[in-house]
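Coordinate inspection notes
Here is what each chain is made of, one letter per residue.
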Amino acid sequence: MTDAPEPALEPAVDALRLAAGVVQAGVGTLAQGDLDDAQVLAYDVAHAAAAVRTADAVLDYGGRGEEEGRIACAFVADALAELAGRVAGRETTWGVSADWPAPAADFLSTWRAPETLAAMAGREGPRHLDPDFELVRETFHRFADEQLRPRAEHIHRANADIPEEVITGLAEMGALGLSIPEEYGGFATGGESDYLGMVVATEELSWGSLGAGGSLITRPEILSRAVVAGGTEEQKRRWLPALASGEIMNAVAVTEPDFGSDVANIVTAATPCAGGWLVNGVKTWCTFAARADVLMLLARTDPDRTKAHRGLTLFVVEKPRAEGTGFVLTQDPAGEGRSDPPGRMEGRPIDTLGYRGMHSYEIAFENWFVPEANVVGGPEGLGRGFYSQMAGFENGRLQTAARALGVMQAAYEAARDYAGERVVFGKPIAEYQLTRAKLTRMAVLIQATRQFSYQVARLMAKGEGTLEASMLKAYVCRAAEWVTREAMQIHGGMGYAEEYAVSRYFVDARVLSIFEGADETLALKVVARRLVEQSKG
């Protein structure tokens, strides 16, 4: 086995500069016309820009040691090769010459060489977390190992509910209050540690189980941020301590059957009545809705549809807990001294390939009463719901990236361990060049996107990084699909057997490019559009 070459960061920087120039040329082409008329280019430019930004982050990491430097070089080479594949045959569309990669030929031939990748197998690179965050990582990793992993397969195979002891355990660790200010019973201090701590904790919990761990803590994260941003002081003191302690759990009811990312056009309506509002309409993909005690509901309170997002209001909708197999709940207004029609809420479960444990639902509301006190922001909150829910989802893309990291890390470790044990044609498959190259590329992808996620967390703590969070989410979720697929492939036939967890990682990873902004919508409507806007000054 040959040794891996010494890091070559200067050529890596030059190669990245080439890639950035190609992206800039593509953005320039997009700026000359209508994005909707050039969706293929816009999509490719968005993903290429995300890869360049990830490479920029990993080059910073590469300066911290030889192993880090090799990881940085390997990632930059892969990113450049991926970009070359996107551009090939479309050079005129991008506005570049066919020989644009030529100056990086030597760099590419070194860092994409099979011998180089094989020699780097097993080198995963240190995370370089500060001691406090390393303690956070170890604490949540231990919980994931002891409490989530032993239950994860049963939850997935049986499509079972998350055990209450998991919820209680996470609450006791403070995982449900990571974004809730200390004054309201949470652990947020308003600094960098809030964002970075959430990334670290989410990755470890997702390593244990995406559905039962990493995604469970997303629900209170979203509602808490919405209430902090738009709620009254009374509402903050009512809801935030209960969310932080796990006394109440919530679900999110924003998406509708005909309106996914197009939130501004939702039609579920809330009409005023004595003492509150009556909700009518249908929401879909309401994860954890049965077990939840409250729903974060976005509804139209102004019937003038031309007002779009300005006619939306956010509500905290109380409900009884229900089972994970579907539910029908009713309200008796007469028994509560009201004269409005009887209320009904029906939750129809949506069976999914993976991402199980919390269950997703389509929920139909019929005259469901919500008291006036549950309008987020009070009277001033009417028509402000879109902005409060956006604040709730502010951190969603960064957190989804952290979930992807956890799933990738779990899949990589499973593939690495299996490759060391599985003997084919007289020796472990971990000794074959192809397997070693695959394992290296997995480890490089994981570490590069992890380091970018740390950078984005620090940016968001300063009130920046919105575009970078979208880039990160787009890139890392696609990476998770590849890593889990290759991990499954390394297992061979056993990767297709449900008795091995790697098959769960594969189906879990598939959802990541869909929620928190579908990949295409994120690339076209957020990343590409913002890049064009920036190019125009």
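Fair warning: this is a prediction, and the values are worked out from it, not measured in the lab.

What counts and how
Residues numbered from 1 in each chain as written. Predicted model: local features only at pLDDT ≥ 70, side-chain atom pairs only at ≥ 80, totals over all residues. Heavy atoms only, no water. 1 Å grid on protein atoms, 1.4 Å probe; cavity = no way out; pocket = protein on both sides within 12 Å on 5 of 7 lines; lining within 4 Å. Points joined across faces, edges and corners; volume = space filled by probe spheres on them. Helix = DSSP H or I, 4+ residues; strand = E, 2+ residues; numbered from the N terminus. Nonpolar A, V, L, I, M, F, W, Y, C, P; charged D, E, K, R; others polar.

1. Quick look at empty space enclosed by the protein
- The tally for this structure, following the rule as stated, stands at 3 cavities of 30 Å³ or more.
- Estimated volume of the largest cavity: approximately 70 Å³.
- Lining the largest cavity, in full, are Leu16, Ala19, Ala48, Ala51, Val52, Ala55, Val76, Ala79, Leu80, Glu82, Leu83 and Arg86.
- In terms of residue count, the dominant contributor to the lining of the largest cavity is helix 3 (residues 66–87) (6 residues).
- Estimated volume of the second largest cavity: approximately 50 Å³.
- In terms of lining residues, the second largest cavity is bounded by Ala175, Leu176, Leu178, Ser179, Ile180, Ile217, Pro220, Glu221, Ser224 and Gln399.
- A per-element tally of the lining of the second largest cavity places helix 11 (residues 218–230) first, with 3 residues.
- Tallied by class, the residues present in the lining of the second largest cavity amount to 6 nonpolar, 3 polar and 1 charged.

2. Digging into the layout of surface pockets
- Approximately 410 Å³ is the volume found for the second largest pocket.
- What lines the second largest pocket is a set of 17 residues, among which Glu82, Arg441, Leu445, Tyr475 and Trp482 lie closest to the centre.
- Broken down by secondary-structure element, the contributors of at least two residues to the lining of the second largest pocket are helix 2 (39–62), helix 3, helix 15 (433–461) and helix 16 (466–490).
- Looking at which element gives the most residues to the lining of the second largest pocket, the answer is helix 3, with 6 residues.

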